[in-house]
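Tertiary structure, described
Here is how the chains run, residue by residue.
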Amino acid sequence: MEPTDDGPLATILVVDDTPVNLEMIGDALRGRYRVRVAINGRNALAAIEGEPDVDLVLLDIMMPELDGYEVLTKLRENPVTRDIPVIFVTALDDDVDEAKGLALGAVDYLTKPVRPPILLARVATHLELKRSRDVLREQNRWLESEVKVRSERATHLQDLSIRALGYLAETRDMETGAHILRTQRYVAELAEQLSSDPGFASLLTAETIDLIVKSAPLHDLGKVGVPDSILRKPGKLDAAEWAVMRTHAKLGADALRKATSQMSDPEASDYLRFAIEIAHHHHEKWDGSGYPDGLRGDQIPIAARLMALADVYDALTSRRVYKDRMALDEARDLIVRESGRHFDPAVVSAFQARAERFGQIALELRDASS
């Protein structure tokens, strides 16, 4: 880049083992650029290592110890120096030599004796190209950063929206927001523990776990469609009321399916796939005695199996108007006894491995009334 009032002079490193050549090239460049010199390849690499903001290298080929080809190769191998433009300046004028240099990554090739006007023109051209690349690179970095910020913001708003819907469903039956947070944390613990099991590693990737955990707050979305007389009844439900209560699983899943069908973005609809599975099937039981579809064993989606245990554990360890909370060790034992009946045995094993964390979460996020 030419010197301007807007910035510093470009730095050019001249590498040649002949002092006369260094002096001649340096004289042509000084006043226009900041010039550094190196008498051999090793000195050149050391000079760039000490000052990696070199803008361009004029590099002789025929040098002792490390020739120009070797120096260029090392520059291209180093992430810090790989983008510095290198112009070969050499007495070699064979097309094969030129082709070799360009193949290694040189941007241009000048033969000795160097004519100052040609030298200055080539240097100016490649410095301008470098400046343009640097500007483009910075713009790309800014754009990537901006896209990341906006994507994170959109994801955050999406997560908040899903959690808000979950809160809305819970307030209908006087649950607290802490139920949403606790069950979400329980699901995360179970999924992370199971992901180390070879039988679940392909099902529970980091991306899948993230989606399942984010979807967990929507497990009882369908409660918004259950009448208050049933949802808020302090005592036991009769058979007819219980039949209505059980419809909340399908109601929630159907609402989510309808929303998904109207999405044009496949990634957005994938986001709710696990929410649909959780809402529809988190009351299914491993032995087939659950609802709404009586699924059995592996027929039950893994996301719903995780939610089933998380939801029951939270119900056991939380106080309700119609019951006191169960002690943590009693709740743990009950969950374990239901292995193979209510719950997937593998999920129960994961729970046992994380039982201490479950207890910590229950205490940390305990309702004020508990």
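As shown above, the structure is provided for reference.
Now for a look at the structure at hand. (Residues numbered from 1 in each chain as written. Predicted model: local features only at pLDDT ≥ 70, side-chain atom pairs only at ≥ 80, totals over all residues. Heavy atoms only, no water.)

**Observations concerning empty space enclosed by the protein**
Applying the stated criterion across every chain, the model contains 2 cavities of 30 Å³ or more. Lining the largest cavity are 11 residues, and of these Arg-182, Thr-317, Ser-318, Ala-362 and Arg-366 lie nearest its centre. Counted by class, the lining of the largest cavity contains 3 nonpolar, 3 polar and 5 charged residues. Of the pockets and cavities examined, the second largest cavity occupies roughly 50 Å³. (1 Å grid on protein atoms, 1.4 Å probe; cavity = no way out; pocket = protein on both sides within 12 Å on 5 of 7 lines; lining within 4 Å. Points joined across faces, edges and corners; volume = space filled by probe spheres on them. Nonpolar A, V, L, I, M, F, W, Y, C, P; charged D, E, K, R; others polar.)

**Some thoughts on the pairing of strand 2 (residues 34-38)**
Two elements, strand 1 (residues 11-15) and strand 2, share 5 bridges in a ladder whose sense is parallel. Within strand 2, the position partnered with Val-14 by the bridge is Val-37. (Pairing = 2+ DSSP bridges. Helix = DSSP H or I, 4+ residues; strand = E, 2+ residues; numbered from the N terminus.)

**Comments concerning the sheet that holds strand 2**
Strand order in this open sheet of 5 strands is 2-1-3-4-5, and the pairing throughout is parallel. Every other strand in the sheet has two partners, leaving strand 2 and strand 5 (108-111) as the edge strands with one partner each. Between one strand axis and the next, the sheet turns by 20 degrees as a mean value, whatever way the strands run. Of the strands in this sheet, strand 1, strand 2, strand 3 (56-59) and strand 4 (86-90) touch helix 1 (residues 19-29), which is tilted by about 165 degrees from strand 1. Lying over the sheet, helix 3 (residues 68-77) contacts strand 3 and strand 4, oriented at roughly 175 degrees with respect to strand 4. (Axes fitted to C-alpha atoms, helices over the stretch in contact; angles between N-to-C directions. Contact = heavy atoms within 4.5 Å.)

**Examining unusual backbone geometry**
Cis geometry is found at the peptide bond from Lys-112 to Pro-113, where omega equals -5 degrees. One can find Pro-113 in the loop between strand 5 and helix 5 (116-172). For the bond from Tyr-291 to Pro-292, the omega torsion is 10 degrees, close enough to zero to count as cis. Here Pro-292 lies in the loop between helix 11 (266-281) and helix 12 (302-316). A positive phi angle, near 65 degrees, is found at Glu-65, a position not held by glycine. Along the chain, Glu-65 turns up in the loop between strand 3 and helix 3.

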